[in-house]
Amino acid sequence: MVDEDWLVDRLEFWALRFAVALLGSLPRSWALGVGAGLGTLLYYLVWPYRRRGLTHLAWAFPDRSQSELRSILRASARNLGRMAAEICHFPALTQESVGRYVRIGNPELWQQVVAGRGQRGLLVLTAHFGNWELLAYAHGLLGVPVTLIHRPMRNRLVDEWILRWRQRAGTRSIAKKAAAKEALKVLRQGGILAVPADQNQRHSFGVFVDFFGRAACTTTGPVRLAERSGALVVPVFLRRVGETDQHVVEVFPPVEFVHTGDPQRDLVENTQRCTKVIEEIIRTYPEQWIWFHQRWKTRPPEERR
C-alpha cells in the first residue's frame, strides 16, 4: 500500500516543477503578467488570508480607509505573484544580465561595508520584502555570495529542490536548528549572513518589541550573533520599482547598538532598533510586505491571561 504522505509529497513536488517549467518557458514579461494575475485571483478567492491581511493593515494604518487598505493588500498579492514568476526565470540570469533588473541604490555605502567586513563578517538584516529571494541570488551572481538561515519545509523533496537552485548562484543555506554555531563560523570567516527578522516567533525564541504599535514576538538572532562575532548589522532590502521587473537594493547605515551593562535590557532595546528599521521600510512601501503572515500571533503572557 502506498504511503499517503509519500504520495502527497510527490504530487506537490511535481506540481511545483510543472508550474515553474510553465512560467519559465514564457517570455519574462508574460510570466510576470501571469504571476500578477494569479496573485490577484488568490486575493479574491482565499478569503481567510484576505481577512487576516486586512486586519493586520488596519492595525498598522488605523488612519487609512478600507479602500486604501484593500488596494495595498491587492498590490501585496500581485507582488508575490510577480516574485514567483521571477523565481521561475532565475536559471536564465547571469552575471551579465542580472544588472538589467537589479541595481544598488547607494553603491558607495554597500561597497564600504562589504569591503570593511574583514574577519568579523557582515550580518545583513533583512525581511520578506519585495523579492527577497532575488536579493541573495543576485549578489551571488555578482560575486558576493550570501549565506541564509533556512527553515526546512515540511515537504523534503521541495525543500531539497529549493536549496539546489539557490546554490546555482553560490547561495549557501544553514538549517535553522543548527544555525547559531554555523552562522558564527560564517561571520568569523568574513562571510555575509542574511537574517530576515520580520517573522513571528514563539516565546522561547524571541522577545516582545513594538512593531506598528503592537507587541510582536521577534527573533533576537541578529543581536546575539552580532554581539558574539563583532559583525556589523546592516539593513538591506530589495525594493521593487512600482509594479515593474526592476529592483533597487536599499542599503541603510549599520544599526547602532546600546551597551548599558544590563544584558537582557540591551537585548530587547537592540532588537527594537532592528525592528524599527524594518518597520520604516514597510511603512514607506507597504505593498511590498507579506501582510498575510501571522506576525502578531504570539502574545505576551499578560494578554494570554
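These notes cover the structure that comes with them.

Details of the sheet that holds strand β2 (residues 122–126)
Strands sit in the order β1-β9-β8-β2-β5-β3-β4 across an open sheet of seven strands; the sheet is mixed. Of all the strands in the sheet, the pair left with one neighbour each is β1 (102–104) and β4 (172–175). Between one strand and the next, the sheet's axes are offset by a mean angle of 30 degrees, whatever the strand orientation. With two bridges joining them, strand β3 (residues 147–150) and strand β5 (residues 192–196) adopt parallel strand pairing. From the neighbouring strand, Leu148 faces β5, where its bridge partner is Ala194.

Digging into the environment of Ile282
Take Ile282: it is sitting in helix α10 (residues 263–284). What makes Ile282 buried here is its relative accessible area of 0%. A C-alpha to C-alpha distance of 32 Å links Ile282 and Gln189, two positions 93 residues apart in sequence. Once residues lying within four places of it in the same chain are set aside, the contact partners of Ile282 are Phe129, Phe211, Phe212, Trp289 and Trp291.

A closer look at the packing of aromatic side chains
Scanning all chains against the criterion turns up 16 aromatic pairs. Plain terms: the ring middles of Phe90 and Tyr137 are 4.4 Å apart, the flat faces sit at 25 degrees to each other, and that makes the pair stacked. Taken as a pair, Phe90 in the loop between α4 (66–88) and β1 and Tyr137 in helix α6 (residues 132–141) lie far apart in primary sequence, 47 residues in all. The residues Phe90 and Tyr137 share a single accessibility class, namely buried. Aromatic pair Tyr137 and Trp165: ring centres 6.4 Å apart, planes at 55 degrees, arrangement tilted. On the criterion of sequence distance, the pair formed by Tyr137 in helix α6 and Trp165 in helix α7 (residues 156–167) is long-range, its members being 28 residues apart.

Calculation notes
- Residues numbered from 1 in each chain as written.
- Predicted model: local features only at pLDDT ≥ 70, side-chain atom pairs only at ≥ 80, totals over all residues.
- Heavy atoms only, no water.
- Pairing = 2+ DSSP bridges.
- Helix = DSSP H or I, 4+ residues; strand = E, 2+ residues; numbered from the N terminus.
- Axes fitted to C-alpha atoms, helices over the stretch in contact; angles between N-to-C directions.
- Buried < 20%, exposed > 50% of the residue type's maximum accessible area, 1.4 Å probe, protein only.
- Contact = heavy atoms within 4.5 Å.
- Phe/Tyr/Trp six-rings, centres within 6.5 Å; stacked < 30°, edge-to-face > 60°.

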